[in-house]
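# What the coordinates show
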Amino acid sequence: MNDLKRSMAGCTLCSDLPLGPRPIFKISSRVKILIAGQAPGRLAHISGKAFDDPSGDRLRRWLGVGREQFYDDPRLGILPMGLCFPGSGARGDLAPRDICAQTWRSAALASMTDIELTIILGKHALAWHLPDQKRHTISQSVMKTFSINGPELVMPHPSPRNAMWFKRQPWFETEMIPRLQQKVRELLD
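Attention in this report is confined to the structure presented alongside it. (Residues numbered from 1 in each chain as written. Predicted model: local features only at pLDDT ≥ 70, side-chain atom pairs only at ≥ 80, totals over all residues. Heavy atoms only, no water.)

The full count for this structure, using the stated rule, is seven salt bridges. Between Arg6 and Asp3 there is a salt bridge; the shortest N-O distance is 2.5 Å. With Arg6 and Asp3 both in helix H1 (residues 2-9) and three residues apart, this pair spans about one turn of that helix. Since its relative accessible area comes to 55%, Arg6 is described here as exposed. The exposed category is assigned to Asp3, whose relative accessible area is 54%. Among the salt bridges present, the one from Arg97 reaches Asp16, with a minimum N-O distance of 2.6 Å. (Salt bridge = Lys/Arg side-chain N within 4 Å of Asp/Glu carboxyl O. Helix = DSSP H or I, 4+ residues; strand = E, 2+ residues; numbered from the N terminus. Buried < 20%, exposed > 50% of the residue type's maximum accessible area, 1.4 Å probe, protein only.)

On to the packing of helix H7 (residues 138-148) against helix H9 (residues 170-188), then. The packing of two helices is summarised by the inter-axis angle and the distance between the axes. Taken N-terminus to C-terminus, the directions of H7 and H9 make an angle of 35°; their axes are 11 Å apart at the nearest point. In this structure, H7 meets H9 at a crossing whose hand is left-handed. Here Ser139, Val142, Met143, Phe146 and Ser147 of H7 lie close against H9, whose contacting residues are Trp171, Phe172, Met176, Arg179 and Leu180. Within the contact of H7 with H9, the residues separate by chemical class into seven nonpolar, two polar and one charged. (Axes fitted to C-alpha atoms, helices over the stretch in contact; angles between N-to-C directions. Left-handed = near helix turned anticlockwise from the far one by under 90°. Contact = heavy atoms within 4.5 Å. Nonpolar A, V, L, I, M, F, W, Y, C, P; charged D, E, K, R; others polar.)

Have a look at this one:
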């Protein structure tokens with residue numbers, strides 16, 4: 001595990017990224033809850049911490065955990081599809097580069113054998129973890145995975161850019177978040 005983490009942290013495959021490579025992830029052999037996201041944002045790149053931005057504030061609230069537990073508890077892991085900030089486009093951050101997941105994802109997932117819950121954020125993570133659902137809308141995938149109550153839960157990305165989705169889907173906050181928080185409590189207590 002330590003060799004893998006060092007290799008991932010030192011990755012320079014995408015040396016042409018606008019802000020340069022700065023892999024950001026949090027893996028451990030003790031991970032029980034894995035957050036499978038898209039890629040770090042600009043603020044996370046600057047701080048060197050995943051979800052160190054308003055998206056992270058919302059995600060921590062959804063999970064029912066504080067900032068310290070989110071970053072310090074080895075049972076909470078973070079493995080984005082792209083380990084580095086991909087840059088910004090006209091409609092937000094660019095998509096994670098495929099080479100990152102192709103190079104690191106399988107080995108990283110194989111090193112975390114105690115995962116009991118994977119929280120899938122966004123369409124790129126959805127396509128990797130649940131390829132049979134990649135043609136569904138995020139709303140459909142959220143409802144399906146929460147109704148099954150299995151080892152994967154699909155959630156919208158907690159970005160403020162998704163404010164309209166949250167307004168159109170009030171059931172997510174009122175019905176799904178309490179269920180998620182209960183599951184997180186069960187796994188971390």
